[in-house]
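Notes for the structure review
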Amino acid sequence: MIEFDLRFPKLDPLRDESRVRTLRDSLLAIAGGFTEIPARFLPDIIPGDGLGYIVGLDGPDGLAALEDRLSWLADAWDLPAPRPLRASAGPRRNHGFFLVPKLANRDAAGRRRELFRPTRWARIRAALKGRLSHPVGLVYGEWLPGESSAATDSDVSYMFVFRLEGDTDARFLRRFIEQEIFDCGVECDQEAIYLSIGGLGLYVPQPGAAHD
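Looking at where Val 136 falls in the secondary structure, it is placed in the loop between helix H3 (118-127) and strand S6 (137-143). What makes Val 136 partly exposed here is its relative accessible area of 22%. When residues no more than four places from it in sequence are discounted, the contact partners of Val 136 are Arg 125, Tyr 158, Met 159 and Phe 160.

Left-over empty space is what a probe sized like a water molecule reveals as it rolls over the atoms. Size it by volume and the largest pocket reaches roughly 1200 Å³. As for the largest pocket, its lining consists of 39 residues, and the residues nearest its centre are Glu 142, Trp 143, Leu 144, Tyr 194 and Tyr 203. For the lining of the largest pocket, the element with the highest residue contribution is S6, accounting for five residues. When its residues are assigned to classes, the lining of the largest pocket shows 19 nonpolar, 11 polar and nine charged. Estimates place the volume of the second largest pocket at around 200 Å³. Among the elements of the structure, helix H1 (17-31) and S6 are those that each provide at least two residues to the lining of the second largest pocket. In terms of residue count, the dominant contributor to the lining of the second largest pocket is H1 (four residues).

Residues separated by three or four positions in an α-helix point in the same direction, a consequence of the helix having 3.6 residues per turn. If you check helix H2 (residues 60-77), its first and last C-alpha atoms are 26 Å apart, about what 18 residues at 1.5 Å a residue would give, namely 26 Å. Turning to H2, its buried residues number three or more, namely Gly 62, Leu 63, Leu 66, Leu 70, Leu 73, Ala 74 and Trp 77. Projected down its long axis, H2 carries its buried residues within an arc of 100 degrees, all on one side. In H2, those exposed residues whose orientation departs by more than 90 degrees from the buried face are Pro 60, Asp 61, Asp 68, Trp 72 and Asp 75. Among the structural elements, strand S1 (2-8), H1 and strand S3 (51-57) are those in contact with the buried residues of H2. Backbone geometry just downstream of H2 places Asp 78 in the positive-phi region, at approximately 55 degrees.

Reading guide: rules and limits
Residues numbered from 1 in each chain as written. Predicted model: local features only at pLDDT ≥ 70, side-chain atom pairs only at ≥ 80, totals over all residues. Heavy atoms only, no water. Helix = DSSP H or I, 4+ residues; strand = E, 2+ residues; numbered from the N terminus. Buried < 20%, exposed > 50% of the residue type's maximum accessible area, 1.4 Å probe, protein only. Contact = heavy atoms within 4.5 Å. 1 Å grid on protein atoms, 1.4 Å probe; cavity = no way out; pocket = protein on both sides within 12 Å on 5 of 7 lines; lining within 4 Å. Points joined across faces, edges and corners; volume = space filled by probe spheres on them. Nonpolar A, V, L, I, M, F, W, Y, C, P; charged D, E, K, R; others polar. Expected span 1.5 Å × (residues − 1). Arc of directions from axis to C-beta.

Structure below.
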């Protein structure tokens, strides 16, 4: 999946709640999902002002549709138009990240527990000490799980960001997810974890899980 980054300047998630919802819906329709980056989070690798977004696009048609929609929204709101940047051509080409949901899936009663106990989160952070390039942050995301008519999923996730020095770092990230995040369902009930390597996104499945 080819990732693109953008920030929408002068768009405030509290003051402009309706506009933010419209923007999110547009990203869902065009890209099938997004990761929303707070305004003052990761400014060095996702530069610019305002709310940031990471989206995955299949090709030039998707990019053209995204640029047209962003331009239309900017004109309607009298705001500067964002310019999506291919992540592999920008500052994020030297970085990787993975997302771990804060909460587990809903149980039979609709409740959601913390994905990991505090001691487990602490162990994960300790194992990554000295490797993270940025503080761990909470990010919001939405995506369509299947066909475009399917219901939208959403989640808040911890974002772990690394600087990539070579192929060994990419292998480390994948191995860390497989060995330290997945635990055969003891606490982690996720089927896959999203991993980005230098602007290319993929899903790391739970080891041993059947997949197409």
